[in-house]
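Architecture and fold: a report
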Amino acid sequence: MKKSFLILLLALWWHLLTWEAQLGLNTLLFSVSITAALVWIKPQAFARTEVKYLLAAWCTAGFWVFWHNSILSIMVYSLFGFVTLGYLQEIKVRFWVFGIVESIRALFGGWWISIRHQGEELGDKYAFLPSWRKVRLLILPVLIVLPFYLIYSKANTALEAFNTTLLNWADRLFQLELDWSRVVVFLLGWALVAAFLGRRNGIAPLHQWVANWTYPLHRKRQRLWPAKTMALKQEYQSALLTFTALNVLLGIINLLDIVFVWFSRQERTASELSAYVHEGTWLLIFSIVLAMMVVLGFFRANLNFITNNQRLRLLAYVWLGQNAFLALSVGVRNGHYIHHYALAHGRVVVVFFLALVLFGLFTMYLKVKGPKTIYFLLQTNATAVMVALLLASSFNWDRFITNYNLKRENPDLYLLVQGLGNNLTPLLQAAEGNTMLADQLQAYDLSKRGDRLARKWEKTDWRSWNWSEYRQYQAWQKYLKTIK
């Protein structure tokens, strides 16, 4: 009963934090509240290392929403909350794919699972238990029938008129003034809190399947007949020829990149450089996927343990190294693009993508050297993606891009004023003392943007408070005093 009461309190807390409020301080407070409740409600789950890391990352993402209030920080906050949800159950989650499956199950059915287990935990010591079970069994049919009833009411004028008459009669009888949107928000909050704090056993077959998976790849001990031994040797020769040909081909590509990308002084147009970066990036994605498939295909089992396979490993290392150089070449192209045509969000994404590609190639190297399993690759690279997203959300990229581009000659002011939404402070700071730049910014409706921000900020309360909009509001008020 204590757990049910706490879930109810946190649902009310959710309603207080979110009703007619924007995202800001409320996101941080909600994640911290859930984390604190989990320490008491689910100590066994909280004791797991991966759960502690996920909760810490979720609260950190909530802090970045409070600090930057960017779209990226909000998306990362939602993602970490969703992923964390799947790990808060009785059975330990060892594979992130199954964690996501558990998250989906918890998000859409966690409230029902929580109600069912709550009824089981009450036991026979409560006299009202049989009645509670009957009520519990009625909840699901009511929830299924209710949407159909509402649809039929809208489609049938007579039924809709009857509903209106019934509601008016209930209002007069009970003097009810119920805002159904508030009820919906509360129920959504209750369902979310119940998914976090309610008891869930997990999908046992999935977690039993992965229980014996390990990072090191073990040799499959089996008696090999001469024909099978010959097949393994033929596969080894095929792998040698394949990696040799691939290395020669990619070596030619990388040599051309050295000549025409790394040390070329040829000036290119914006469209040429754009195609150069975008096409190169997609080709890189395709080539990295192929590289991983080739390496995984040949180093999937006993070929890792064949005697005197040093040449094959060396060729695989060279192949991975050349793919890493190809990634760096795309980075150089992206750098040329930024140098000539300024910074934008897409070019920052390319940098993060290339960093993840290089890390992925390094894990492929560890897989071959180990040897290690595909499970190791999936777990390690998924962790790297989550860490990269958390790091990316810790920056105010609009501010960073604006500061970088304003240092250039003839910056794209339309992009900075109309295309970015979290950079009013550096724009106003740059306009101070620079009459020409101030006039140019006004031509792109900077005043409208400042007034819109001021109206929005003055309507918010403590729940929506965030440092980024507060700084922008203060900078706008200061700017208005200077121009009067």
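Please read these numbers as outputs of a predicted model, since none were measured by experiment. (Residues numbered from 1 in each chain as written. Predicted model: local features only at pLDDT ≥ 70, side-chain atom pairs only at ≥ 80, totals over all residues. Heavy atoms only, no water.)

The next point concerns the side chain of Thr425. Tracing the chain through its elements places Thr425 in helix H18 (residues 424-431). You can call Thr425 buried: its relative accessible area is 4%. Setting aside anything within four residues of it in sequence, one finds Thr425 in contact with Arg399, Arg471, Gln472 and Ala475. (Helix = DSSP H or I, 4+ residues; strand = E, 2+ residues; numbered from the N terminus. Buried < 20%, exposed > 50% of the residue type's maximum accessible area, 1.4 Å probe, protein only. Contact = heavy atoms within 4.5 Å.)

Together, Ile144, Val145, Leu146, Phe148, Tyr149, Leu150, Ile151, Tyr152, Phe162, Leu166 and Trp169 line one region of the surface with nonpolar side chains, adding up to about 1,100 Å² of accessible area. Sorting elements by how many residues they give to the nonpolar patch places helix H7 (residues 129-155) first, with eight residues. Mapped onto the elements of the fold, Ile144 is located in helix H7. (Patch = residues over 30% accessible without salt bridge, like charges linked within 9 Å, V, L, I, M, F, W, Y side chains within 5 Å. Areas by Shrake-Rupley, 256 points an atom, 1.4 Å probe, with all protein chains shown as cover. Salt bridge = Lys/Arg side-chain N within 4 Å of Asp/Glu carboxyl O.)

This next bit is on the nonpolar core. Among the nonpolar cores identified, the biggest contains 35 residues, and Ile34, Trp58, Phe80 and Leu197 are the most heavily contacted of them. Counting residues per element, the ones that place at least two in this core are helix H1 (2-18), helix H2 (25-41), helix H4 (49-67), helix H5 (71-87), helix H6 (96-122), helix H9 (180-197) and helix H15 (374-393). Top contributing element to this core by residue count: H4, with seven residues. Beyond its immediate chain neighbours, meaning those up to four positions away, Phe80 contacts Leu54, Ala57, Trp58, Met386 and Leu390. Of all hydrophobic cores here, the second largest spans 28 residues; its members include Ala239, Leu250, Ile288 and Leu361. (Core = buried A, V, L, I, M, F, W, Y, C linked by side-chain atoms within 4.5 Å.)

A rise of 1.5 Å per residue sets the reference length of helix H21 (residues 467-483), with its 17 residues, at 24 Å; its end C-alpha atoms lie 25 Å apart and thus fit the reference within 8%. For H21, the complete set of buried residues consists of Ser468, Glu469, Gln472, Tyr473, Ala475, Trp476 and Tyr479. In an axial view of H21, the angular spread of the buried residues amounts to 165 degrees, which keeps them on one side of the axis. Residues of H21 that are exposed and point more than 90 degrees away from the buried face comprise Lys478 and Lys481. (Expected span 1.5 Å × (residues − 1). Arc of directions from axis to C-beta.)

Turning next to the packing of helix H20 (residues 446-459) against H21. The interhelical angle for the contact between H20 and H21, taken along N-to-C directions, is 125 degrees, at an axis separation of 10 Å. The orientation of H20 relative to H21 falls into the category oblique. The handedness of the crossing between H20 and H21 comes out as left-handed. Each of Leu446, Ser447, Arg449, Gly450, Asp451, Leu453, Ala454, Lys456, Trp457 and Glu458 in H20 lies in contact with H21, whose residues at this interface are Glu469, Tyr470, Gln472, Tyr473, Trp476 and Gln477. Residue composition of the contact of H20 with H21, by class: seven nonpolar, four polar and five charged. (Axes fitted to C-alpha atoms, helices over the stretch in contact; angles between N-to-C directions. Parallel < 35°, antiparallel > 145°, perpendicular 65-115°, else oblique. Left-handed = near helix turned anticlockwise from the far one by under 90°. Nonpolar A, V, L, I, M, F, W, Y, C, P; charged D, E, K, R; others polar.)

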